[in-house]
Structures are given as structure tokens and as C-alpha cells.
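Each chain is listed here by its residues.
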Protein chains: 4
Amino acid sequence: MSSSFGRMFVVTIFGESHGGVIGTVIDGCPAGVELTTSDIQSELERRRGGYSEHSTSRREPDRVKVLSGIFKNHTTGAPICIVVENTDVDSSTYEEVKDTPRPGHADYTAYLKYGEFSDYRGGGRFSGRLTAALVMAGAVAKKVLSWFGVRVFAYVTCIADVVVESKNIEKSVETVMRSRLLPFPCPDSSSAKKMLRAIEEARKRGDSVGGIIECVVVNPPPALGEPFFDTFDGDLAKILFSIPAVKGVEFGAGFRVASLKGSENNDPFTIENGKVVTRTNNCGGILGGITNGMPLVFRVAVKPTPSIYLKQETVNLKTMRPATIKLKGRYDPCIVPRAVVVVESVAAVVLLDHLLLQRGSTVLGGHFCLGK
Amino acid sequence: MSSSFGRMFVVTIFGESHGGVIGTVIDGCPAGVELTTSDIQSELERRRGGYSEHSTSRREPDRVKVLSGIFKNHTTGAPICIVVENTDVDSSTYEEVKDTPRPGHADYTAYLKYGEFSDYRGGGRFSGRLTAALVMAGAVAKKVLSWFGVRVFAYVTCIADVVVESKNIEKSVETVMRSRLLPFPCPDSSSAKKMLRAIEEARKRGDSVGGIIECVVVNPPPALGEPFFDTFDGDLAKILFSIPAVKGVEFGAGFRVASLKGSENNDPFTIENGKVVTRTNNCGGILGGITNGMPLVFRVAVKPTPSIYLKQETVNLKTMRPATIKLKGRYDPCIVPRAVVVVESVAAVVLLDHLLLQRGSTVLGGHFCLGK
Amino acid sequence: MSSSFGRMFVVTIFGESHGGVIGTVIDGCPAGVELTTSDIQSELERRRGGYSEHSTSRREPDRVKVLSGIFKNHTTGAPICIVVENTDVDSSTYEEVKDTPRPGHADYTAYLKYGEFSDYRGGGRFSGRLTAALVMAGAVAKKVLSWFGVRVFAYVTCIADVVVESKNIEKSVETVMRSRLLPFPCPDSSSAKKMLRAIEEARKRGDSVGGIIECVVVNPPPALGEPFFDTFDGDLAKILFSIPAVKGVEFGAGFRVASLKGSENNDPFTIENGKVVTRTNNCGGILGGITNGMPLVFRVAVKPTPSIYLKQETVNLKTMRPATIKLKGRYDPCIVPRAVVVVESVAAVVLLDHLLLQRGSTVLGGHFCLGK
Amino acid sequence: MSSSFGRMFVVTIFGESHGGVIGTVIDGCPAGVELTTSDIQSELERRRGGYSEHSTSRREPDRVKVLSGIFKNHTTGAPICIVVENTDVDSSTYEEVKDTPRPGHADYTAYLKYGEFSDYRGGGRFSGRLTAALVMAGAVAKKVLSWFGVRVFAYVTCIADVVVESKNIEKSVETVMRSRLLPFPCPDSSSAKKMLRAIEEARKRGDSVGGIIECVVVNPPPALGEPFFDTFDGDLAKILFSIPAVKGVEFGAGFRVASLKGSENNDPFTIENGKVVTRTNNCGGILGGITNGMPLVFRVAVKPTPSIYLKQETVNLKTMRPATIKLKGRYDPCIVPRAVVVVESVAAVVLLDHLLLQRGSTVLGGHFCLGK
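In this report, we go over the structure that sits alongside the text.

About the thresholds
Residues numbered from 1 in each chain as written. Chains lettered and ligands numbered in written order. Predicted model: local features only at pLDDT ≥ 70, side-chain atom pairs only at ≥ 80, totals over all residues. Helix = DSSP H or I, 4+ residues; strand = E, 2+ residues; numbered from the N terminus. Buried ≥ 20, exposed ≤ 12 C-beta atoms within 10 Å, placed from the backbone. Contact = placed C-beta atoms within 7 Å. Least-squares fit on C-alpha atoms with pLDDT ≥ 70 in both. Nonpolar A, V, L, I, M, F, W, Y, C, P; charged D, E, K, R; others polar. Pairing = 2+ DSSP bridges. Axes fitted to C-alpha atoms, helices over the stretch in contact; angles between N-to-C directions. Parallel < 35°, antiparallel > 145°, perpendicular 65-115°, else oblique. Left-handed = near helix turned anticlockwise from the far one by under 90°. Expected span 1.5 Å × (residues − 1). Arc of directions from axis to C-beta.

Take the overall build of chain A next. Per the secondary structure count, chain A includes 10 helices and 18 strands. Oriented by its inertia axes, the alpha-carbon framework of chain A measures out at about 65 × 50 × 35 Å. Relative to its full complement of 372 residues, chain A shows a buried share of 69%. Long-range pairs, those at least 24 residues apart, make up 73% of the contacts in chain A with a sequence separation of at least 6.

The next point concerns the relation of the copies chain C and chain D. Note that the two copies of the chain are related through a rotation about an axis and a translation along the same axis. Once chain C is rotated about the relating axis by 180° and shifted along it by 0.0 Å, it coincides with chain D to within an RMSD of 0.0 Å. Expressed as a symmetry operation, the mapping of one chain copy onto the other fits a two-fold axis.

In this section: the interface of chain A and chain B. Size of an interface, as often reported, equals the accessible area lost when the parts are brought together. Counting residues at the interface gives 89 residues for chain A and 90 residues for chain B. Across the side of chain A that touches chain B, the residue classes tally to 46 nonpolar, 27 polar and 16 charged. In this structure, strand E11 (residues 246–251) of chain A lies alongside strand E11 (residues 246–251) of chain B, joined through three bridges in antiparallel fashion. Opposite A:Glu250, over in E11(B), you have B:Gly248 as the bridge partner.

With that settled, consider the interface of chain C and chain D. Residue-level contacts link 90 residues of chain C with 90 residues of chain D. The element contributing the most residues to the side of chain C that touches chain D is helix H7 (residues 232–240) of chain C, with six residues. Tallied by class, the residues present in the side of chain C that touches chain D amount to 46 nonpolar, 28 polar and 16 charged.

A few words on the relation of the copies chain A and chain B. Once turned by 180° and shifted 0.0 Å along the axis, chain A lies on chain B with an RMSD of 0.0 Å. The residues that chain A uses at the interface reappear at the interface of chain B in 100% of cases, marking a shared surface.

What follows covers the packing of helix H7 (residues 232–240) of chain A against helix H7 (residues 232–240) of chain B. Between H7(A) and H7(B), whose axes approach to 8 Å, the crossing angle comes to 165°. Comparing the axis directions of H7(A) and H7(B) gives the class roughly antiparallel. Regarding H7(A) and H7(B), the two cross each other, and that crossing is right-handed. Packed against H7(A), whose contacting residues are A:Gly234, A:Asp235, A:Ala237, A:Lys238 and A:Ile239, the element H7(B) presents B:Gly234, B:Asp235, B:Ala237, B:Lys238 and B:Ile239 at the interface.

This part covers the sheet that holds strand E2 (residues 10–15) of chain B. Residues and elements named next belong to chain B. The strand order E1-E2-E3-E7-E4 describes an open sheet built from five strands, whose pairing is antiparallel. Two strands lie at the open edges of the sheet, namely strand E1 (4–5) and strand E4 (65–68), each paired on one side alone. Bridge count for E1 against E2 is two bridges, and the pairing is antiparallel. Its bridge partner being in E2, Ser-4 is matched across the sheet by Thr-12. Lying on the sheet, helix H4 (residues 131–147) is in contact with E2, strand E3 (21–27) and strand E7 (80–85); it crosses E3 at an angle near 35°.

Right, let's talk about the pairing of strand E17 (residues 312–316) of chain B for a bit. Residue and element names in this part refer to chain B. Note that E17 and strand E18 (residues 321–325) share five bridges and pair antiparallel. Across the sheet, Thr-314 pairs through a bridge with Ala-323, a residue of E18. Counting the residues between successive antiparallel strands, the hairpin from E17 to E18 contains four residues, one of them, Met-320, with a positive phi of roughly 55°.

A word on the environment of D:Val297. All names here are of chain D. For Val-297, the position within the fold is in strand E16 (residues 296–302). Classification of Val-297 as buried rests on a count of 20 C-beta atoms within 10 Å. Taking the C-alpha atoms as reference points, Val-297 and Asn-282, separated by 15 residues in sequence, lie 8.9 Å from one another. Beyond its immediate stretch of four places on either side in the chain, Val-297 contacts Val-216, Gly-252, Asn-281, Gly-284 and Gly-285.

Moving on to the sheet that holds strand E10 (residues 211–218) of chain A. Spatially, the 10 strands line up as an open sheet ordered E9(A)-E8(A)-E10(A)-E16(A)-E11(A)-E11(B)-E16(B)-E10(B)-E8(B)-E9(B), and their pairing is antiparallel. Because the sheet does not close on itself, it has two edges, and the strands there are strand E9 (162–163) of chain A together with strand E9 (162–163) of chain B. Both strand E8 (residues 151–159) of chain A and E9(A) contribute to a ladder of two bridges, which runs antiparallel. When the bridges of E9(A) are listed, A:Ile159 appears paired with A:Val162. Packed onto the sheet, H7(A) meets E11 and strand E16 (296–302) of chain A together with E11 of chain B and runs at close to 160° relative to E11(A).

Once that is clear, we can look at helix H1 (residues 37–48) of chain D. Residues and elements named next belong to chain D. When the terminal C-alpha atoms of H1 are compared, their 16 Å separation across 12 residues agrees well with the 16 Å that a helix rising 1.5 Å per residue should span. Listing the buried residues of H1 in full gives Ile-40, Glu-43, Leu-44, Arg-46 and Arg-47. One side of H1 holds all its buried residues, which, seen down the axis, span an arc of 150°. Turned more than 90 degrees from where H1 packs its buried face, Ser-38 and Ser-42 sit exposed. Contacts from the buried residues of H1 go to strand E7 (80–85), helix H4 (131–147) and helix H9 (336–359). At the exit of H1 stands Gly-49, carrying a positive phi of roughly 80°.

Cis rather than trans, the peptide bond between B:Pro227 and B:Phe228 has omega equal to 10°. Its location among the elements puts B:Phe228 in the loop between strand E10 (211–218) and H7. Here the phi dihedral of A:Asn219 falls at roughly 60°; this positive angle occurs in a residue that is not glycine. Within the element layout of this structure, A:Asn219 appears in the loop between E10 and H7.

Think of an α-helix as 3.6 residues a turn; residues three or four steps apart then line up on the same face. Residue and element names in this part refer to chain B. Burial of helix H3 (residues 107–114) is extensive: eight of the eight residues sit out of reach of the surface. Those residues of H3 that fall on the buried side of the exposure criterion are Asp-107, Tyr-108, Thr-109, Ala-110, Tyr-111, Leu-112, Lys-113 and Tyr-114. Positive backbone phi, approximately 65°, marks Gly-115, located one or two places after H3.

Within the secondary structure, D:Pro221 is located in the loop between strand E10 (211–218) and helix H7 (232–240). Apart from residues no more than four positions distant in its own chain, D:Pro221 is found in contact with D:Phe148, D:Val150, D:Thr291 and D:Leu355.

Let us look at the packing of H7(C) against helix H9 (residues 336–359) of chain C. Residues and elements named next belong to chain C. Across the interface, H7 lies against H9 with an axial gap of 10 Å and an inter-helix angle of 140°. Classified by the angle between their axes, H7 and H9 sit oblique to one another. H9 is crossed by H7, and the crossing has right-handed handedness. Across the interface between the two elements, Phe-232, Asp-235, Leu-236, Ile-239 and Leu-240 of H7 pack against Val-343, Val-346, Ala-347, Val-349, Val-350 and His-354 of H9. Of the residues that constitute the contact of H7 with H9, the class distribution is nine nonpolar, one polar and one charged.

Shown next, in the form of C-alpha cells:
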């Protein structure tokens, strides 16, 4: 259960790694949004990766098909169902590992929850492949947000031991926006090179590496977030942890607040162009769970790809005895760059959901509202 | 809106810092749980603090009153309403700051959201005082969890620059369980002394300090978490970010995964006493959003108390001109130790909510289930 | 579980018939609504009944106490907790019937669900007394709706065999509005007299009677209702069935549609004062689950009070043998007139909830919205 | 928004009358249920109708396609996406009526809500065609319910002025179960003939007729329903009103309770085969919103098909002047018989949803639960 997210802009996802399709049903998208398959297709391309010849494990065209909710190239207010087919599927390698859960994967917890009935091929519904559905939903959300001038962009700030110094990302928004569309979405090109090298080294050893993604929302609508429990940061953190491999989420100064004094961490208010702004942004644009209008800034920690080529210890669930496992197949030694667009996508979903909570379901289309 | 949390064990909270009461309505608590006010009172005491003469800003008896849902000292299945009265309230100092939002507080975002109608006295509903309601709800959840042998405990691992080395917390569960009940809940007594000194120094300067809380759940029920979106970690992160001052949440190795290799981060499976366990616990007891039966381990970053005695920059919302502010009143220079029981409480709420999702609403009481 | 209703205007209720209080927490009420206890008190008075000396079983002052969410006589955007105390409570008669469920009451199903732990005194949480909480929440909703010119009113159209002919209710709205405030809220005074006689006859025989309530919403906001599942009629029907004793709900022509031809039942559209209206209103103001702007019209069937003085067959749940029961105490032989304000209240709750879904959470207050 | 129903067994539907597909995503179905397309196909056939050569407006194969959630012919615990394609689609007749809303249809309210962007072809998402999605979801729910011995069946009891006397339906369950699979699902064959005649007469006049469907659930699980608001009857009523054309819902004695005395309406308890039962079933198997274990009995009023061939008054939304409309195309003069399986389907969905609320998400599959 629980394959839906959101209260007003409700995203439901379905599909399995080695099933027929990956899909999403988007409910609550306002009527009247111009939407074409290419809006979605271009975002999916970013997820497919391609920063190096080794980066992607699967080579699928991911041709977007819209099954409902669009009429004359506009949203109608009805639920939008979008699917991509799974084509590059080789399930043969999974039969041999089905009783021996892969360390770092959800195989064992899926078995705990669904017993022998779980679809174990390629991780089933726990596969990173499911994030294609998040990207499709995020593409729709971004299209609506663009009406409001809201822009969401993420980029890699750390891979293994290579950390981008923050002074190297403090460029213009436009530069960063562009850099995130690079094959390797890191705004600091010299760090990017080192990161690619670290990935390549891991790949050669049959190992993998993790990293950190930072996401910024420019011009976020103020006053989003519904306390006490449906805070903006809380809702965003919840969906971020749905992305496979995310193990940490922090806003603004994040874990660094532990070592700051109150006098350093508090963001002083001032007036700029007649508007209230803060001089610093340690709060990451959120105070009391509500957006204050400053850029949203948050980071997620992405663990190293659990699929590695080294021999690993596991157990045989049938015999309940120790076993070893050595994976075959094609795996991406670092999923961080491909997760960048996924992080943006879920942020867009949360932003639009809260925007609609604040402004109502018929915010754009609707004769009734247009007439007002 | 959105003052309720949970799907099966639903906690609704209400009240303001300087209103009449702080309260909670707990819906979905199974019938038949023995529950007395002292179960709740003892947890509230832990929240009141008292690690030093300066630790608490308010001195309230916090006398628990149960208004519904208990009959003959047992839960009945009906919603349980519990309140504590606000007694130590001095609202006079707030009139002068009502147009000048305090940096680091939710005053400004509350104004954005509710306009001039927001209750600005002591932060209104955004006050840390509201966490008393979380603790009351958590006390009830813990009582139910104890039937299942689940134990939740948290402690301070970092204040300002003082960080407890993890080897110093790797003691027996019993030791840690005891230490968390100390006035200053840190399992490493030599670190605790340094932390108290750091707090005292901040206090003398009129400043404040932040820190990190770690929480462990021993004997957690396996197979909790409802993918894709209602993951156990996601739901827990969401409610953790509702706690005022939390700016980061991480599970298991957390942000450290960025610099780990896959071969280091993957937790190898093995068999122990006929059960599947993992040799390490970098995943913090959660894989694919589902608990695997290993101890849950997570950490939250708590920002320094935003209320400080130093002069701060702000703006006047009426005149829309820069202003300065210097707070009077009594503030706690470090809320981290008092937040320990709050972190435990929300973890207990999420655990019970997911346990009931897994086992059903009539898990304990109910003739129908008892008869089965 | 499930003591909350609504998505934007969320009403949580708690309390038991013979517990300390009956209460509600109202979350999502827009900030800036002027609200005093007398707004709520006056509605509660209507529920207390008093159409005859025998009408009410309990004589409680029902003094409203607001525990949170109001500051300077206005709503703040924070949850509003309101309670009334139970004072006229005599639980002694319930000890003897606790093992012998009363026919027509929820005693047996409560036992099935909560076992021996259920609060059996006076029906516990299943008592009609809980509708006081609905009336308190409805009073708040009505106050907000009045800003939008929406008026909700209900009245009795049938008691036992006495049915008001519809031509006798087709008076001006003002007349009907006034009549509903009569001790016996029936707009046709000659029918009202017959109804009172039917009730009195039932009372003398130790029996009880049921009836039908009709509710009309004048000037309802158009375009409310969120298909496919959160239709306006569906949401309204759901909460109407929460009112103890309601066994049927119908909209517009209701069950009469079964015998109408399409050509009779379809409401022809026309233009009146430049607005689209329908010539008839067989649809009751709702098409496709969405309000069309015409008056909402619906009816509920209310069963006869299950508490009667005649000897009844039951079983002893301890011995599992047949038994008989003869109730003592004071019961109202007809709850229909007192349910009128309850029906209005839940209709107001649903109207406001859907209005906020359509227009957003900050529809009234909020600097952000006021500033737009 | 709001295209999902349920808390544990969550049904999301999508598609439009003249779009590519009608589909459903079913989330929360327990793992381990054997499920084939023919389980779903056979139910869809019942919805297609065919009681006469004139009964169905569209002739579509409705070939079921399962896109996710099934592996080796069993449910996996992952969301199940099922679609049927729309093939018999002629949208040409809708262009001319797009500015002149059809009386009795949702055209006008769709326009109010979504403006010009609504998909007006064949009613778009408001078409009765969407009930195919409900039937697909219901087929899955019925399969699970059959594990628990729960059987749901509905039949026609009234068409136009032809009403089946209840003594003619009081046959054995098996007889009624069989009769509902007849082309014209009415358990009383002599009434059925009269009904068919009434429909044929309406058809000849270019008019349509309505009717009443009764539904019975044999062997329902006791103790389902979550008071105060998520009552079993309330949840069922809510989804029943989502079925286009339903204008009334009643349980047990329904609207007849208005004229019953308490002594007649109260169902006396007694013991039968060691179990508590009631001698009568005026409550329709539900007391206090909770099932008591007796058969569930409820009825819905279905309005006459709004599509008729007679000239009707309407308005032109562009010119805002009166207009007339005369529909072309092929319409079913009575949708009641085809709605029978739809009523069963939504009842099955609610039953399973509440069963899972009571027993937990892993009620069937799941190693964890199997292992217990």
C-alpha cells in the first residue's frame, strides 16, 4: 500500500523493474496546462544518464506514452496516466539469487513483507527504475510551477571523497541551471573531473561510490507548509527518503547547525527592494515548517550503488544457512548523477502540492475561478 | 491545517505557548491498554529539563489531565484527549516585539501565513512548548509498544564542538537506557561535562548552542514501512522535522555514506541464533523503506536556541524598515537535552502507527480478535 | 480510529456520554474569523431540544469552553479546541445492562470491536451525546460560510406517519429559516401539531418514533466536489451516516428517481438574470458529484430512538444465553427534532471543507493572500 | 483531484469515455492472491449488458490488460495496474453539443470546474464508462474476499413503476446468486418481464427509465467500521454516490424507519448455533457504523439515463442564451441492470478496505505474518 503521495497534487506510481511498464497516475493537476510528451521525455533523458560509457546499466528508449488526462495538448483536470515500457530486460540472472538476498538491496525486507510472492527480478518495485515514474510526475509539476516563475535545480556536490567547495558553486543561477544539464551535473568542472575519476576507479575494482546532491529552489512561493505536522520540510524529507539509496536529508546549514552559535545561525532580517529578506540563509528558506520566500536549499546523501561485482556474504532463505553471492549483469558504479533529476522532480511535486493547498484546486483552469 | 499525524494511531495536537492549554487527541489506540496519568507524567518530567539551574525557561507543573478515552484505567478504543495547562505565562514582553519578527523563529512565516491574526505570544503554536503534546502522545505509544518488547531511547551525542566518539556509546543497552534518564542525557559522562561547560559559556555570552541527538530502537518489529511513499524512514523523517529546531535527519551511516564504497556500506547478512541478521548496520535497520529487524539508528541535528540576548537585526513589518531587537525574558541556552524525550516520543508514534498498519486496528483489544 | 473528518477543514471529535467532556478540535479554520463562545452556544441550545417537557433526556447547561485557537476574539489559524462538560450523568443504570446489549444500540458492535474494554455507560462514544461536538464544529463552519453568503437550514418533514406535503414547505426562505428555530422545527405548523401528538402517543406506550429531516443550502458555492471519489454528495452522505440513527440519505428527487422518466428527471437549463440555472431541481443541486449553484436539497431518514421502555429480547454475552431487558432512565421518544441542527452542522462542515479545497487554505486570513 | 478511494486497499481510477483507455491502479492488495485476467474479464462482461438488443450503447471487447503487480499469476504486494482500451468511440457527435450542456449530465458542472479544458467527448471522465474501472478493482477485491468466505451480490428490485415484492426475493442465497448472472439480473422472473417491457416502452418513446438496486453481503466480517467518522455505512455510501446516476442510498429498513416504532425497528438479539444473531435485520447488518455479522443489506436509487432522444431545453455557454438540444448516437434507455455489478464492485472494495484496516496490511502474504 501507499503508492500515492500528495494531498492536492497526488502522484501514484506503479510498475516493476522487469515488468511491462513503469507508470504514474497524476491526480489533481489543474486544468489548462499545456503539456506535450516532449516536456516529459526531455526530463526522462536526464535520468537515463550517460556521463560515461559505463554510466547506465540499461539502455531503454523510455518512450513516454500518455494514456489519459490530456486533450488538445492541455490538461483537462482529469487524472493523467503516463507510462514507459520496460524493454531492456534480462531477468535470467535473478533466478539464481532469488533465495540469497543481495546486501544493501531491499530483497530481504521485501521477502519479510511479501513472502515468496515478491517480484524479485531486478529488485521488482524497489528498483531505482521506479524513479522514472517520479521524473514523469515531476516534469508535469515543473510545467505548472513555471507559470509561477518557480525554478528547481539540483547538482552533485560530493562523490566519494571529492567535495565541491561551496565558493565554487556560488555562481549565477543561470550558470548552475545550465551545468545541471551537463552529462555530469556538477557546477564545478574541476571537481567534476575528479569525481568521474573516482567513479572510474571504483568501477575498475568492481566496487561503487556514493555522494551528495544539493537542490535549490529559486523564487519559491512564500507561506507554503501546513503546521504542525505537514511542514514543508517534513513533506519534502518524506518523499526524498522514498528515493532508493537516500540516507540523509538536511535543510540550509543542516547538520552544521550543531556547531553554530545562535548568533551565527539566526538569519537576520532586512529589507531589499521593499521586500523582507534575510541576510544569510542558514534556515534554507524554511522557518517553523513554512517557506519564507528565500531560496530553498537542501541536500541529500546518496549511498553507493549496492550492486557491486565483489563477492559478498549473504544467507540462503530456504536453508537458513550462510551463503555468498557474486552479482553478474551490468550496474552503474555511481547513481548519484542520475539521481539529480529525481531529486528535482520530487521537490517539484511537493512544491506544487503545497501551492495547491494554499491556493486551491482550481488555481489555474476552471470557469468558476477564471470568472472571478 | 494539518495538526494530525498518522494513519492508524492518529495524533492531533492543539494549544499555544501562552494559551490556556497544550493538548493532544490520540485516536486509534487499541482498546485494553492499561494507562494511568503517571505513565504520561513521568515522560513529561523528562521534557521539563533541569540539567542545570539555567536549563528551563518555564517552571510549570505540567499536571496531566485525561479528558476522554480511559475507563477503569484502560484504553477503551475511543479517542484519548490529554491536556496540560499553561500556568507560568508572561505575555507582556511579546507586545513590543509583535511587529519585529525574531530572527530564527517562525514569527515572520506565521505572519506570512496567518497575517495579523497569528497568536504571536511566545511563538504561539510554533513554540517548543507544543512538544509537550508530542511527549504525551509518545508516552501512550510507548506503553503499547512495551507489550511488543520494543524499546526506544535517545541521547545527546554532540553539543557545539563537543562530539561523543561512537566507541564511548557502545555500551550495553541497559547502561544507555539508564543514562538517558540522567538530568543531562548523554551516555558518555566525560563528554557530558564538557557539553555542560559549552552550554554555560554560551549562556554567559547571551548566546546559545545546538547539537545532535541519536536515537536507537531496540527490538523493532520487522517488515514495517509501506513502500513506495510511506516508507518507515520517510514517515519518521517527516515527523522529526515537525519538531521545532530540527534541520537534518539521517539513518544509519547517514551522510557518511557519501564517502563509503559499496563494499563498505553494504551490510553483509548472516545467521545468528537461527535468525537473519546483518554484521554491520550502516542501513540503520531500514532497507527499501522497510525495517529489517536490526536496531533502528537515526540522528537529528538541532539548531541553537533562536532566542538569544544579543542585539539582532530585524525589520518592522508595519513600517517595512530595518529595526533591531534585543530579547528579554528567560530562555534556555540549549534545548538539545530536553529534546531527547521528544525525539523518542515521535519515534514511538511512528513505530506504533506502522505496527497497527501491519497488524490491524484491533491488534490488542477487541472481542472479535481476542476470540480468533 | 477515524475520529477526524475533512481534508482542509478537519474536525476531530472526542468524549463519551458519561465521561468528563464532549469536545472537538477544529483544524484548518482560516485565520481572521471573528468567533465568540456565543456563536457556538446558540447552536448547542438548538440541539438540547425542548419542544415538550419530555423531549430531552438530559438537562445539561452545555457551557462552551474554548481551549485553543482563538486570540482577541478571532481565529488564529491554529487548531480550535472546544469542549462542553458532561454534568447530568447517572451511570448507575448501566452496570446491570453491561452484559446484555440493548437492541438497536451499538452496545453489541462496540463489544465486538473493543471487547470488555468499551465504555458501556450510556453508549460511550456511540451516544447521540457526541453530536454536540458536531454542532460545535458546525457552528464554526457556519460562521465562515456566512462570509460567503451561504446559508444552511434543515427542518422536520416527517414523523411516524405524519408527512408534510411539499407544497406546504414551498414558502419563502425567510419563513423556513425562522421556523427551524422553533422549539419544534417544522415549517408546516399544522403538521407540527400532528407530529407532536404522534410523539406523545409513542411516549405514553413506552415506545418511540422516527422521521425524516430535509436540509436546504441556499446560495451554495458552485463547482464544489472533487471527482471521481470525493464527490460533494458522497462526502456529505458519509458524514450524515456518522450521525447515530441515520439509515438513509437521498439528494434531490432521491429514491423517487426510480419511477421518473429521463424526460421528467433531467433538469432543463435556462438563463435567469444572466446566470445559468435549471428550471427544476431534481438533481438537488449536484451533477456528476459537483455543485451546480442551485440550492442543495437532501433528506435523511432517522430511525426511532432505540431506547424504549418495553421489554425486549437480548442475549447475555457472558453466559451466551437469551435474556430480556427493560430499560430504566429518561429517554427522548423522538430525537428527530433535535437532530435538525446536527444535520445542518455536518452539511456546513462539508461545505466549508470543499470550499477550502477549491479556494485554498489561506482563503480569508493570511498576509500573503491579503496582499495579493 | 480525488481519484483514489480507500485507506488500505486503495483504488485509483483514470481514463475518459473517448480517451485511449479506462484503467485502475489497485494499491494495498495483499501479496499471494492468485489472480488471472479471466477473473477480471468475467466481471467486466456482466457490466457490458446485453439483456436486449438495445441494452448497450457501445460494443467494445473490453479486453483486460494487466500492466503491473502480478507475477507468476499471483499478486506481489505491488500496485496492480489494469486497463481496457476504448475502441468503439465516435466523438463526432460531441463537437456540436460542446457549448450546450446536456441536461442531467455533468457537462455543465465540468465546465464550471475545469472551464473550456474539460474533455467533453462522451462525458469525459464523468461518463458511466468509468465504472469499468470500478468493476476491475471490485473483481480483485472479490477474489480476496472469497478467501474469507464473503459473498457480495446485487440485483434489480425496481424499474420505473415495477417493484419486486420482497417476498419474491426471499429465496435461497444460491437462487439469488444465480439470478444475478442472468442477462437481466432480477431474482423475480415475472417482475423481470414487466421491467423489460417498461424499458422497451421508454426506448420507443425516445425516453429512459430509472430503478433501484439491492445489494446483499452474505457472511460479512463482523466488527468492520471505524467510528466516529469512518463508519462502514458512511464509507460505503460515499463510494456508492460516486457511481454516476445514484441519487439515494439506504441501509436495512432505510427510509422506512421513519414510520416504524422503536419496538418494531429494534432488532432483537438471540442465540443461534452458539452465535449472537438478530431475529430481524432492520439495521441492515450495521449498528453504530460497525458490522454486526448479520448480512449487509442496502439499496441505491439509480436515476433514468440522462441521454434521451427527445428535444430538451439547455443554454449556450458561449452566447449565454437559451438553446435546445436533441441528442444523436446510441444510448441505453436503462442503465440499472448494468449497474448491478458496479454496485457489487464498490461494496467489495469497501469490505476489503475495512477488512485490511481491521486485520493489517499483510493479512495474507508476507513472510513475517506467515511465520507468526
